[in-house]
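# Working through the structure, step by step
Take a look at the letters that make up each chain.
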Amino acid sequence: MRTGLMMGAALMALLPLTAQAEAPVVTKQVYQLHQKLLTLDSHLDTPASLDLPGWSIEEGHEVHGDYTQVDLPRMKKGGLDGGFWAIYTGQGPVTVEGFRKARDFAILRGLSIRNMVAADPANFALALEAKDAAPIAAAGKRVVYLSIENAYPLGEDVTLLKTFYDIGVRVSGFAHFAHNQFADSSTDPSGKPRFGGLSPLGKELLKEMNRLGIVPDASHSSDQVLDDLLALSTTPILLTHSGCKAVYGHPRNIDDDHLKALAAKGGVIQMNAYGTYLRASKPNPQRQEALKALFGQLREDAKLSPEKRAELLAKRQEIDRLYPDTDRPTFDDFMAHMLHALKVVGPDHVGVGADWDGGGGVVGMEDVVDLPKITAALLKAGYSEADIQKIWSGNVLRVLAANEAGKGK
Ligand SMILES: [Zn+2]
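Now for a look at the structure at hand. (Residues numbered from 1 in each chain as written. Predicted model: local features only at pLDDT ≥ 70, side-chain atom pairs only at ≥ 80, totals over all residues. Heavy atoms only, no water.)

## Quick look at the coordination of the zinc ion
Applicable threshold: Donor atoms are limited to N, O and S found within 2.8 Å of the metal ion, a distance that becomes 3.2 Å for Na, K and Ca. With water left out, some sites might look partial. Runs of E in the DSSP output that reach at least two residues are strands. Runs of H or I that reach at least four are helices, and both are numbered from the N terminus. Partly exposed describes any residue whose relative accessible area lies between the buried limit of under 20% and the exposed limit of over 50%, with all areas from a 1.4 Å probe on protein chains only and scaled to the type maximum.
Protein-derived ligands of the zinc ion are Glu 149 (OE), His 220 (NE2) and His 241 (NE2), with the metal-ligand distances lying across 2.1 to 2.2 Å. Mapped onto the polypeptide sequence, the residues donating to the zinc ion form the spacing pattern E-x70-H-x20-H. With Glu 149 in strand 4 (residues 142-149) and His 241 in strand 7 (residues 238-244), this pair connects stretches of sequence that are 92 residues apart. A single burial state applies to Glu 149 and to His 241, both of which are buried.

As structure tokens, then:
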């Protein structure tokens, strides 16, 4: 698909700009180093793909075809050993009925992840402790930790977290795009805080995380929630997919003071590749409107038929054709956040959580196949192999181990 000469003008117009340019490839030496490293991404939204009709993690897909970004062949090619596979639940009504629906959805999504592992034990393995990752990767398998994005499905019963722990969850966030029963979101539509941090129930949830050894994740929650977590958690905190306010002043990013406070408590920021949070882009209201309407339709159809999915994909491609995204953030924008965080807190407190299959991806790094570029950019910036190993997994595993060790205290 990268041989421009063979493509007709109509097809060229259908593809995002990046597909038309030759992607710079890393040298053989860098590629070999990257493949040798233990690489984990702390926020994979790929579990949503597992429940798509006719979609298989075992098969290779084309990012500009079905817009997915992670599958087994691409993980191998891009040298991604695994990561934290998220049980993401969209924020719904904070009501008994809303909690029940979300709980059922989240448990089933967790089981989809477990089924992915069970269906192909030659290629996937469940990881429950920090020490599990290296031997799994050394055996040539993909590492599958589980995480929760948005604790909303727990309802008002924090003891339900134990059930998710038993399913395999080892990292959990609090809020998502909007305030919920546990915490304020950094992007609530009201634009103002509700609890001014964690709610009383949110503080109970944090205690339960500390008791079980589940890593608290402050991504998506407000800065005041991060303050509360840093003050109250008995264990280090993770930001599984976030960026730097000093590079771009978006509420989903954190400022240098928070970065330093996070690091001082042994925590780690994992760098997000979600374009909207990386830099300001030229407004494209027609595209935004069209995508919003399409995603609304996707949400309504919990169980898509293959035909319906094909129809929606065609609509998405039509949107790219009619209203092309001409000002997408690039790989350099992503690296600007990462290099800034590295400058402020050093290589012991920075990692990778690019939000694949959840909105992540930039021009020049469209899916996990492009991950060796991060290793190349870090080498170019002067980081050693040992630093890069910490960034790619050592730091997140250290935080996980600290939470295991802090269990019950
Ligand atoms: Zn997210």
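## Overview of the pattern of salt bridges
Which entries qualify depends on this criterion: Throughout this description, the term salt bridge denotes a Lys or Arg side-chain nitrogen within 4 Å of a carboxyl oxygen of Asp or Glu.
Per the stated rule, a full pass over the model turns up 25 salt bridges. Between Asp 166 and Lys 162 there is a salt bridge, and its shortest N-O distance comes to 3.0 Å. Separated by 4 residues within a single helix, Asp 166 and Lys 162 lie in helix 8 (residues 161-167), roughly one turn from each other. In this structure Lys 162 comes out as partly exposed when scored by relative accessible area, which is 34%. Where Arg 321 meets Glu 318, a salt bridge forms, and the shortest distance between an N and an O atom there is 3.0 Å. Highlighted residues: Arg 321 and Glu 318, both in helix 13 (residues 306-322), separated by 3 residues, approximately one helical turn. Given the relative accessible area of 39%, Arg 321 is considered partly exposed. The exposure class of Glu 318 is partly exposed, given its relative accessible area of 34%. By sharing partners, the salt bridges in this structure join Glu 97, Arg 100, Arg 103 and Asp 104 into a single network.

## Considering the nonpolar core
Let me state the cut-off plainly: Throughout this description, the term nonpolar core refers to a set of buried Ala, Val, Leu, Ile, Met, Phe, Trp, Tyr and Cys residues connected via side-chain atoms within 4.5 Å. Two residues qualify as a contact provided that any one of their heavy atoms is within 4.5 Å of a heavy atom in the partner residue.
Grouped together as the largest cluster of nonpolar side chains are 77 residues, with contacts concentrated most on Phe 334, Met 338 and Ile 374. Counting residues per element, this core draws most heavily on helix 14 (residues 331-345), which supplies 7 residues. Look past the residues within four positions of Phe 334 in its chain and what remains in contact with it is Met 271, Asn 272, Ala 273, Leu 278, Val 362, Met 365 and Ile 374. Among the nonpolar cores identified, the runner-up in size contains 19 residues, and Leu 38, Val 143, Val 171 and Val 215 belong to it.

## Looking at the pairing of strand 4
Note the following rule: Here a strand pair is declared whenever DSSP counts at least two bridges between the two strands. A clockwise path from the first strand over the helix to the second, with the strands pointing away from the viewer, defines a right-handed crossover.
With respect to burial, strand 4 is a largely interior element, 8 of its 8 residues being buried. In this structure, strand 2 (residues 82-88) lies alongside strand 4, joined through 7 bridges in parallel fashion. Residue pairing for strand 4: Trp 85 is matched across the bridge by Leu 146. As paired elements, strand 3 (residues 124-126) and strand 4 share 3 bridges and run parallel to each other. Within strand 4, the position partnered with Leu 126 by the bridge is Val 144. Crossover handedness for the path strand 3 to helix 7 (residues 133-138) to strand 4: right-handed. Alignment of strand 4 against strand 5 (residues 169-173), held across 3 bridges, turns out to be parallel. From the neighbouring strand, Ile 148 faces strand 5, where its bridge partner is Ser 172. The handedness of the strand 4 to strand 5 crossover, carried by helix 8, is right-handed.

## Regarding the environment of Lys 245
Tracing the backbone through its elements, the reader meets Lys 245 in the loop between strand 7 and strand 8 (253-254). The class for Lys 245 is partly exposed, based on a relative accessible area of 25%. Each C-alpha atom of the pair Lys 245 and Asp 217 lies 18 Å from the other, and the pair is 28 residues apart in sequence. Once you skip the residues sitting within four places of it in the chain, Lys 245 turns out to touch Asp 223, His 250, Pro 251, Asn 253, Ile 254 and Asp 255.

Remember that the coordinates give geometry; whether it matters functionally is a separate question.
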